[in-house]
Amino acid sequence: MNPKDRTEGSPLSTNGMDADAKTADRRQSVPTSPGAPSVTGTAERNLLEQILAPENLNAAWKQVRRNHGAPGVDGITIEAFPALLREQTESLREALFAGCYRPSPVRRTYIPKPDGTERPLGVPTVLDRLIQQAVAQVLSPLFDPGFSESSHGYRPGRNAHHAVRSVQAAWQEKRRHAVDCDLKAFFDTVNHDRVMDGLRQKVKDRRVLALVRRYLTAGVVLPDGRFEVTSQGVPQGGPLSPLLANIVLDPLDKELTRRGHVFARYADDFIVLVKSARAAERVMASLTRYVQGKRKLVVNRTKTKTAPLKECPFLGFQITARGAIVWTEKARRRFKQRVREITSRKRGVAVEKVIGELRRYVIGWLGYFGISKTYKEVLALDDWVRRRVRLYYWKQWKQPRTRRRNLIKLGADPKEVKLATRSRKGYWRMSSNPGAPGQAALNNAWLHAQGVPDLRAKWIALHYGNDGVAP
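(A) Up close: the pattern of salt bridges. As enumerated under the stated definition, the model contains 18 salt bridges in all. Between R175 and E173 there is a salt bridge, and its shortest N-O distance comes to 3.9 Å. R332 is the salt-bridge partner of E329, the closest N and O atoms lying 2.6 Å from each other. Remark: R332 and E329 occur in helix α14 (residues 329-342); sequence separation between them is three residues, near one turn of the helix.

As structure tokens, then:
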């Protein structure tokens, strides 16, 4: 069965999937998320039936479709997926129950990291994303209730903001020194046997265990087309990977709790908070011994450090000497770099498209970094973003007569327009010109009407509500 054959079956089809719907319903209890069944009692040995239940697959498909994502090695897109699968739902289902379904290898891709290196990602096929999501929806309720309260990554009702605020709470308890621990290439070096040992503690259905093992060993296809065996590691990019990572790291959480440490973990990023520099050094030494000796993970000694909490970035944020949450300087630089890319004068893209792309990025960025108590920096970035848009307009209009026509249409003083359109100043200097194309013509209200995001207003809404007043 080649990759395309394996992906031609539909979780949305009623062909074959409804046959066991009533049986699957009898094995399910109260859903833990819309459409996803929970697992209790005797159903623990019939997990595969619950995974392949129509309602669970439909909930998984909705999530996969919502996440969208690029095609895998078979080239099948999200849009093409339902039609291609509909004809072979029954054969896919039979293959999964018989244990002869073989996942496709993931497509290796790389994304740049701020330090100049690249992070490897694995892109599964849409079908494998669907199956992994269905597996994760059934297994998560088994494991999540037992996870540590200090684990915040990829768990229902928790996110990175909770992790950062827990670090802030530790600062308020006078824990102002930190062990900032970095696990080297965690997702690439996870031992498969340890993953399976963790799963076996709660998963009794051997068919599901075998399916997960096949996903771990499915291999990757490199950008040059070569196939690479995966004898270790959990490829980042699949819906199942975050759950498996939490299962592997849960013993570390339990050990830290047993020792009485206050910590926060988000996936493989974690930080331990203590009350003195001496305690931090002691904890780092013992923690390194435990992680590398007992858990067989690699501590990145060049990035792991002990330092005052205010010097330890965590998930893009820092806690200041006064205990406030602020975004890091690196986060600010990355924001400006991305905005420059979107509004680059060399793009030659319609300004409407640029503003739409800019709006999506800025709103998403502020949705994450908006918890930062950095009102003055928000004002500065707000002004800078508008200036970048003015620059783009000025560049696109290009010819003096085009600039004159557009500026006069916007209500600019004709005398100012005449001087501005004949100016030899550069684009960036002209973008702040008070006559044109600055405040008098492309003013803030007009730019906002075109869709340019208002960072100040959105920050105030996040912190004080829509009727709030900024400090």
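After that view, the rundown keeps rolling.
(B) Structural view of the sheet that holds strand β8 (residues 305-308). Pairing within the open sheet is antiparallel, and its four strands lie in the order β6-β7-β3-β8. Both outer strands of the open sheet, β6 (262-266) and β8, are each paired with one neighbouring strand and no more. The mean angle between the axes of side-by-side strands here comes to 20 degrees, regardless of whether they run parallel or antiparallel. Pairing analysis gives five bridges linking β6 to strand β7 (residues 269-274), with the strands arranged antiparallel. Each bridged residue has a counterpart across the sheet, and for Y266 the counterpart in β7 is D269. In the packing of helix α8 (residues 160-172) onto the sheet, contacts are made with β6 and β7, and the angle to β6 comes to roughly 165 degrees. Against the sheet, helix α12 (residues 241-258) touches β6 and β7, its axis set at about 170 degrees to β6.

(C) Representation of the packing of α14 against helix α15 (residues 351-369) in the model. Where α14 meets α15, the axes come as close as 10 Å, and the angle between the chain directions of the two elements is 170 degrees. It follows from the interaxial angle that α14 and α15 lie roughly antiparallel. Between α14 and α15, the contacting residues are A331, R334, F335, R338, V339 and I342 on the first element and V354, E357, L358, Y361, V362, W365 and F369 on the second.

(D) The arrangement of the side chain of D74 in detail. Checked against the element boundaries, D74 lands in the loop between α4 (54-67) and α5 (81-85). One buried charged residue, D74, remains without a salt bridge, the closest side chain of opposite sign being R129 at 7.6 Å. Separated by 3.1 Å, the side chain of D74 and the backbone nitrogen of I76 make a polar contact.

(E) Examining a positive patch on the surface more closely. A contiguous patch of positive charge on the surface is contributed by R45, K202, K204 and R206. The residue K204 is located in the loop between α10 (192-200) and α11 (206-216) in this model.

(F) A look at the confidence of the model for the protein chain. In the predicted model, the protein chain carries a mean pLDDT of 84, and the fraction of residues at 70 or more is 79%. For the protein chain, the element scoring lowest by mean pLDDT is helix α2 (residues 21-26), at 34; α8 scores highest, at 97. Taken as a whole, residues 1-35 scores under 50 in pLDDT and shows 82 contacts with residues more than four places along the chain or in a different chain.

(G) Inspection of the packing of aromatic side chains at higher detail. Overall, the coordinates contain 13 aromatic pairs when judged by the stated rule. An angle of 45 degrees between the planes, with centres 5.2 Å apart, marks the rings of F317 and F369 as tilted. Highlighted residues: F317 in strand β9 (residues 317-319) and F369 in helix α15, separated in sequence by 52 residues. One aromatic cluster is present, formed by F317, W327, F335, Y361, W365, Y368 and F369 through successive ring pairs. The lysine or arginine in question, R176, covers the ring of W171, its NZ or CZ lying 3.7 Å from the ring centre. Sitting over the ring of W384, K336 keeps its end group 4.6 Å from the ring centre.

Reading guide: rules and limits
- Residues numbered from 1 in each chain as written.
- Predicted model: local features only at pLDDT ≥ 70, side-chain atom pairs only at ≥ 80, totals over all residues.
- Heavy atoms only, no water.
- Salt bridge = Lys/Arg side-chain N within 4 Å of Asp/Glu carboxyl O.
- Helix = DSSP H or I, 4+ residues; strand = E, 2+ residues; numbered from the N terminus.
- Pairing = 2+ DSSP bridges.
- Axes fitted to C-alpha atoms, helices over the stretch in contact; angles between N-to-C directions.
- Contact = heavy atoms within 4.5 Å.
- Parallel < 35°, antiparallel > 145°, perpendicular 65-115°, else oblique.
- Buried < 20%, exposed > 50% of the residue type's maximum accessible area, 1.4 Å probe, protein only.
- Lys, Arg positive; Asp, Glu negative; His and termini not counted.
- Polar contact = N/O pair within 3.5 Å; in protein donor to acceptor, adjacent residues only side chain to side chain.
- Patch = residues over 30% accessible without salt bridge, like charges linked within 9 Å, V, L, I, M, F, W, Y side chains within 5 Å.
- Areas by Shrake-Rupley, 256 points an atom, 1.4 Å probe, with all protein chains shown as cover.
- Charge placed at Lys NZ, Arg CZ, Asp CG, Glu CD.
- pLDDT = per-residue confidence, 0-100.
- Phe/Tyr/Trp six-rings, centres within 6.5 Å; stacked < 30°, edge-to-face > 60°.
- Lys NZ or Arg CZ within 6 Å of the ring centre and 35° of its normal.

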